[in-house]
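# Survey of secondary and tertiary structure
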Amino acid sequence: MSISRLEAVLASIDSKADSALTKLDQAAEFASRSEHLEVEGESEDRLARVSVDGTGQVQSLVIDDGFTDATAAQLAGSVMEAMRQAQGRLSFRIDQLGAEIYGEGSPAVEAFTTSYRNRYGYEEVPE
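Quick summary incoming for the structure in this document.

### Here we look at the side chain of Gln26
Inspection of the secondary structure puts Gln26 in helix α1 (residues 3-35). Residue Gln26 is classed as buried on the basis of its relative accessible area of 19%. In this structure the side chain of Gln26 is engaged in a polar contact, spanning 3.4 Å, whose partner is the backbone oxygen of Ile101. Residue contacts for Gln26: discarding those within four places in its chain leaves Ile101 and Tyr102.

### Digging into the side chain of Arg89
Residue placement: Arg89 occurs in helix α2 (residues 72-102). The contact partners of Arg89, leaving out residues within four places of it in the chain, are Val39, Glu40, Gly41, Glu123, Glu124, Val125 and Pro126.

### Re a negative patch on the surface
Taken together, the side chains of Glu44, Asp45, Asp64, Asp65 and Glu81 present a region of like negative charge at the surface. On the secondary structure map, Asp45 appears in the loop between β1 (38-42) and β2 (48-53).

### A short note on the pairing of β1
Side-chain positions along a regular strand alternate between the two faces of the sheet. The two faces of β1 differ: Val39 and Gly41 on one face are buried, but Glu38, Glu40 and Glu42 on the other face are not. Examined bridge by bridge, β1 and β2 share five bridges and lie antiparallel to one another. Bridging across to β2, Val39 finds its partner in Val52. The antiparallel hairpin formed by β1 and β2 contains five residues in its connecting segment, where Arg46 sits at a positive phi of about 65°.

### Examining the sheet that holds β1
Across the sheet, which stays open at both edges, the three strands sit in the order β1-β2-β3 with antiparallel pairing between neighbours. Each end of this open sheet is capped by a strand with a single partner; those strands are β1 and β3 (58-63). Neighbour-to-neighbour, the strand axes of the sheet open up by a mean angle of 15°, direction not taken into account. Those strands touched by α2 are β1, β2 and β3, and its axis lies near 140° from that of β1.

Basis of the calculations
- Counting of residues starts from 1 at the beginning of each chain's written sequence and follows it residue by residue.
- In keeping with the predicted nature of the model, local features appear solely for residues at pLDDT of at least 70, side-chain atom pairs appear and are counted solely at 80 or more, and the whole-chain, interface and lining totals rest on all residues.
- As a rule here, side-chain values come from all non-hydrogen atoms in the structure, and water together with hydrogens is ignored.
- Only DSSP runs of H or I with at least four residues qualify as helices, and only runs of E with at least two residues qualify as strands; both kinds are numbered from the N terminus onward.
- A 1.4 Å probe rolled over the protein chains alone gives each residue an accessible area, and that area as a share of the maximum for its type sets the label: buried under 20%, exposed over 50%, partly exposed in between.
- We call two N or O atoms a polar contact when they sit within 3.5 Å, provided that within protein one can donate a hydrogen and the other can accept it, with sequence-adjacent residues counted only if both atoms are side-chain atoms.
- The contact criterion used is simple: two residues touch if any of their non-hydrogen atoms lie within 4.5 Å.
- Here the term patch refers to residues with relative accessible area over 30% and no salt bridge, with like charges joined within 9 Å and nonpolar side chains (Val, Leu, Ile, Met, Phe, Trp, Tyr) within 5 Å.
- We get accessible surface area from the Shrake-Rupley algorithm with a probe of 1.4 Å; when it comes to residues, only the shown protein chains can shield them.
- The rule for a salt bridge is simple: a side-chain nitrogen of Lys or Arg has to be within 4 Å of a carboxyl oxygen of Asp or Glu.
- Charge assignment in this entry is limited to Lys and Arg as positive and Asp and Glu as negative, and neither His nor the chain termini are counted.
- In this description, the location of a charge corresponds to atom NZ of lysine, CZ of arginine, CG of aspartate or CD of glutamate.
- Should DSSP find at least two bridges between two strands, the strands are regarded as paired.
- Fitting a line to C-alpha atoms yields each axis, with helices limited to the stretch in contact; the angle taken between N-to-C directions then spans 0 to 180 degrees.

Here it is as structure tokens:
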């Protein structure tokens, strides 16, 4: 193998290694930042507010004092509505975070977002 051919092969290996390291850095950043996400949803009747973490698990539930005028079924419905909204908004936030880290149209972002949307739906977070 000639020196120039060897140099070309080594340059190609270096380029692929740099690309792999960049992807590892992006994955680590995405994991770290998504782990610390917290998204809130609120029922339309404002009886319940729910916060979920980056995996969609409920972190807090706040019931408004007006709950005394609601039936148990209405309160349960309000809690579920708030939770579904928070989880749908989490999908939106995951989409935003992925685009920020990986860039728009990235196959990695599409995979993350599709997974969250399939599980939780999708709802834009109002500004």
